[in-house]
Amino acid sequence: MEMRKSRILETMKAGKVAKSIKINLSDPRVIEIAAMCGFDAIWLDMEHVPTDWRTIEEGIRAAKVYDVDTVVRIEKGSYSDYIRPLEADAAGIIVPHLMSLKEAKDIVKTTKFHPLGLRPADGGNADGAYCMIDFTSYIQEANKNRFVCVQVEDVEVMADLEKIVELDGIDMILFGPGDYSQSLGKPGVMNNPELERVRKVIADVCRKYNKFAATLGKPADYKKLVDMGYSFINIGADVIGLSNYYTQIIRDCE
């Protein structure tokens, strides 16, 4: 038995763009609908959303029915908070607000198995097919078929950017424009030239070191971001879709 391959990684390695949607709601049926519509990835959130571990587990399972990946943005805490989504068979994790090269090295040590790191090993969960994958194969496949993404959304980390991207075990860099605009002292100003410059720098550095660049954007921005070099793009959220739909219904009835 082998570990399930990551649709996100397979898509990006083929030179295509993995399309993601962020899910804030806790009902796995919302994830099923998104998966049925053709997204490559479902973004589940534990940083800003009061999501418990059972909800994460059910969401991952709902997506896998349609061969769609999940990526979980963790809440920073103990090492268990970093590895539990992977053990539940998420394709990857997003670590928010990376602040230094040292933190990046610590993340690799926590989330990657030997020889890249010293992630605590179990194998008795969904990612290891409940101990039905040979232990050696399990740690090798996990390092190969699961990814670690760190989020750049603060000015301070840019000084270490190249060394972070170059680091073995960091697979993807996610640029967070919203919080980065705050870090620049101009919250919500998305056309700030410095914001655009940093967005391009991150894509260029990822290309230089053969890593994947990820970001968030609207459908209208999609082509520009692809042309810039981004290969993982989150282009929507369930709560935005519902609020837009409900608002339009009221308007249409007036």
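Bear in mind that the values here come from a model prediction, so they are computed numbers and not experimental data.

Criteria and thresholds
- Residues numbered from 1 in each chain as written.
- Predicted model: local features only at pLDDT ≥ 70, side-chain atom pairs only at ≥ 80, totals over all residues.
- Heavy atoms only, no water.
- Helix = DSSP H or I, 4+ residues; strand = E, 2+ residues; numbered from the N terminus.
- Contact = heavy atoms within 4.5 Å.
- Salt bridge = Lys/Arg side-chain N within 4 Å of Asp/Glu carboxyl O.
- Buried < 20%, exposed > 50% of the residue type's maximum accessible area, 1.4 Å probe, protein only.
- Pairing = 2+ DSSP bridges.
- Axes fitted to C-alpha atoms, helices over the stretch in contact; angles between N-to-C directions.
- 1 Å grid on protein atoms, 1.4 Å probe; cavity = no way out; pocket = protein on both sides within 12 Å on 5 of 7 lines; lining within 4 Å.
- Points joined across faces, edges and corners; volume = space filled by probe spheres on them.
- Nonpolar A, V, L, I, M, F, W, Y, C, P; charged D, E, K, R; others polar.

### Digging into the side chain of R119
Examined against the element boundaries, R119 turns out to sit in the loop between α5 (101–111) and α6 (135–145). Excluding anything up to four places from it in sequence, R119 contacts I83, L86, E87, K109, T110, T111, K112, F113, D127, Y138 and A142.

### Let's talk about the pattern of salt bridges
A pair can form between side chains of opposite charge whenever their charged atoms are brought close. Evaluation of the coordinates by the stated rule reveals 22 salt bridges. Linking D27 and R29 is a salt bridge whose minimum nitrogen-to-oxygen distance equals 2.9 Å. Classification of R29 by relative accessible area gives exposed; the value is 57%. Between D89 and K64 there is a salt bridge, and its shortest N-O distance comes to 2.8 Å. Highlighted residues: D89 in the loop between α4 (79–87) and β4 (92–95) and K64 in helix α3 (residues 53–64), separated in sequence by 25 residues. Look at D89 and you get buried, because its relative accessible area is 4%. The network of salt bridges with shared partners includes R4, D67 and D69.

### Digging into the environment of Y79
One can find Y79 in helix α4. For Y79, a relative accessible area of 47% corresponds to the partly exposed category. Along the sequence, Y79 and T136 sit 57 residues apart, while their C-alpha atoms lie 22 Å from each other.

### Focus: the environment of Y209
Within the fold, Y209 resides in the loop between α9 (193–208) and β7 (212–216). Put simply, Y209 and K102 are 107 residues apart on the chain and 19 Å apart in space, counted from C-alpha to C-alpha. Non-local contacts of Y209, meaning those with residues more than four positions away in its chain, are made with E162, V165 and E166.

### Considerations on the sheet that holds strand β2 (residues 41–45)
The eight strands lie next to each other as β1-β2-β3-β4-β5-β6-β7-β8, forming a closed barrel whose pairing is parallel. Strand after strand, the sheet turns through a mean of 25° between neighbouring axes, direction not considered. Bridge analysis of strand β3 (residues 69–73) against β4 gives three bridges, and the strand direction is parallel. Each residue of the ladder has a partner; that of V72, found in β4, is I93. In the packing of α3 onto the sheet, the strands contacted are β2 and β3, and the crossing angle to β3 comes to about 155°.

### Here we look at the layout of surface pockets
Estimates place the volume of the largest pocket at around 740 Å³. Looking at the largest pocket, it is lined by 27 residues, and the ones nearest its centre are P177, L216, G217, K218 and N234. Within the residue set of the lining of the largest pocket, elements represented by two or more residues are α8 (177–183), α9, α10 (222–228), β8 (232–237) and α11 (238–252). Sorting elements by how many residues they give to the lining of the largest pocket places β8 first, with four residues. A breakdown of the residues in the lining of the largest pocket according to their chemical character gives eight nonpolar, 10 polar and nine charged.

### Some thoughts on empty space enclosed by the protein
Tallied over the entire structure, the rule returns two cavities of 30 Å³ or more. Looking at the largest cavity, its volume works out to about 60 Å³. Along its surface, the largest cavity is lined by I23, N24, L25, S26, I31, L44, D45, T51 and T55. Its residues assigned to classes, the lining of the largest cavity shows four nonpolar, four polar and one charged. Put simply, the second largest cavity is a space of about 40 Å³. As for the second largest cavity, its lining consists of L86, T111, K112, R119, A142, N143, R146, F147 and V148. Elements with a minimum of two residues in the lining of the second largest cavity: α6 and β5 (147–152). Classifying every residue of the lining of the second largest cavity by side-chain character gives four nonpolar, two polar and three charged.

### With respect to the side chain of T70
Inspection of the secondary structure puts T70 in strand β3. Once you skip the residues sitting within four places of it in the chain, T70 turns out to touch I42, L44, G59, I60, A63, D89, A90, A91 and G92.

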